[in-house]
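Coordinates in review
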Amino acid sequence: MSNQLFVHSGSKNEKYQFLLQQIPTLLDPQSDVIANMANMVAALKETFGFFWIGFYRVEGEQLVLGPFQGPIACTRIAKGKGVCGVAWQKARTHLVSNVHEFPGHISCNDASKSEVVVPVLVSGEVVAVLDIDSDEFATFDTIDQEYLEKICACLGQLYHSY
Ligand code: SME
């Protein structure tokens, strides 16, 4: 695998497309889930500079903090709690333009203002969620949703190769 990420200087669409093109060299099917999640959050951080990017992995009835970039965060989230727990329970992406208006939002950091949470699915089951926080309102839209779902689908596919 390549150890260098190339970052597009253009639009959000172009940045995501460029990042997706590099996924075959970025994610290693011979490695393990934590290593691949770690490189994925690093690549998203390097490309977009979002405030907080991380994975929570499903462990029994809870989500447990996995690889992340950004300030320290809550380590465990119950099913159905917060944006992450609801995205897990409903097995679908949640775009939150103002976290203060999301009932039960879990605030790990006061600076967080908007958020997107995307489930990682393996054979229809949620095995993890990708959580991205912004320190500005309304940062994420359906473009982010479309590409982040593609990224999470690539990660989900890898589970069959470990
Ligand atoms: N805000 C999330 C908790 C995780 S942190 O943002 C890193 C939530 O409501 O689930």
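Now for a quick tour of the structure.

Side note on the site of the ligand
Taken together, 13 residues sit near the ligand, with V83, C84, I106, E115 and D133 positioned nearest. One nitrogen or oxygen atom from the main chain of I106 is found 2.7 Å from a nitrogen atom belonging to the ligand. D133 places a polar side-chain atom, nitrogen or oxygen, 2.7 Å from an oxygen atom of the ligand. Notes on the ligand: free accessible area 310 Å², of which the protein chains cover 99%. Among the elements of the structure, strand 1 (52-59), helix 4 (82-90) and strand 6 (125-134) are those that each provide at least two residues to the shell around the ligand. Residue contributions to the shell around the ligand peak at three residues, all from helix 4. A breakdown of the residues in the shell around the ligand according to their chemical character gives eight nonpolar, two polar and three charged.

Looking at the side chain of N98
Tracing the backbone through its elements, the reader meets N98 in the loop between strand 4 (94-96) and strand 5 (114-122). At 2.9 Å, the side chain of N98 and the backbone nitrogen of H100 are in polar contact. Once you skip the residues sitting within four places of it in the chain, N98 turns out to touch K113 and F137.

Some thoughts on the sheet that holds strand 5
Here we have six strands laid out as an open sheet, ordered 3-2-1-6-5-4, and antiparallel in their pairing. Unpaired on one side and paired on the other, strand 3 (76-78) and strand 4 mark the two borders of the sheet. Mean inter-strand twist for the sheet, computed between neighbouring axes without regard to direction, equals 25°. Bridging between strand 4 and strand 5 involves three bridges; their strand directions are antiparallel.

Some details on helix 5 (residues 142-158)
Its 17 residues place the ends of helix 5 24 Å apart at the C-alpha level, agreeing with the 24 Å of an ideal helix rising 1.5 Å per residue. Every buried residue of helix 5 is accounted for by D144, Y147, L148, I151, C152, L155, G156 and L158. Where helix 5 is buried, its residues contact helix 1 (12-21), helix 2 (23-26), helix 3 (33-48), strand 1, strand 5 and strand 6. At the N-terminal boundary of helix 5, the capping side chain belongs to D141, with an oxygen 2.9 Å from the backbone nitrogen of I143.

With respect to the environment of W52
For W52, the position within the fold is in strand 1. The class for W52 is buried, based on a relative accessible area of 4%. Along the sequence, W52 and C154 sit 102 residues apart, while their C-alpha atoms lie 21 Å from each other. Sequence-distant contacts of W52, defined by excluding residues within four places in its chain, comprise L65, F68, Q69, G70, P71, A73, D131, I132 and D133.

What counts, and where the lines are drawn
- The written sequence of each chain sets the order in which its residues are numbered from 1.
- Side-chain atom pairs in this predicted model are given and counted only at pLDDT of 80 or more, local residue features only at pLDDT of at least 70, and totals for whole chains, interfaces and linings cover all residues.
- Only heavy atoms go into the side-chain values, all of them from the structure, while hydrogens and water stay out.
- Being near a molecule or strand, for a residue, means having at least one of its heavy atoms within 4 Å of it.
- For this analysis, a polar contact is any N or O atom pair within 3.5 Å, provided that within protein one partner can donate a hydrogen and the other can accept it, and provided that sequence-adjacent residues contribute only side-chain to side-chain pairs.
- Accessible areas in this description were obtained via Shrake-Rupley with a 1.4 Å probe; residue shielding takes into account the shown protein chains only.
- Secondary structure elements are defined from DSSP: runs of H or I of at least 4 residues count as helices, runs of E of at least 2 residues count as strands, and each element is numbered from the N terminus.
- Note that Gly is not counted as nonpolar here; it falls among the polar residues with everything else outside the nonpolar set of Ala, Val, Leu, Ile, Met, Phe, Trp, Tyr, Cys and Pro and the charged set of Asp, Glu, Lys and Arg.
- Any two residues whose heavy atoms approach within 4.5 Å at even a single point are treated as in contact.
- The pairing criterion is simple: DSSP has to find at least two bridges between the two strands.
- Note on geometry: axes are lines fitted to C-alpha atoms, helical ones only across the stretch in contact, with angles between N-to-C directions running from 0 to 180 degrees.
- In this analysis, the expected span of each helix is defined as 1.5 Å times one less than the number of residues it contains.
- Exposure categories follow from relative accessible area, calculated using a 1.4 Å probe and restricted to protein chains: below 20% of the type maximum is buried, above 50% is exposed, and the middle band is partly exposed.

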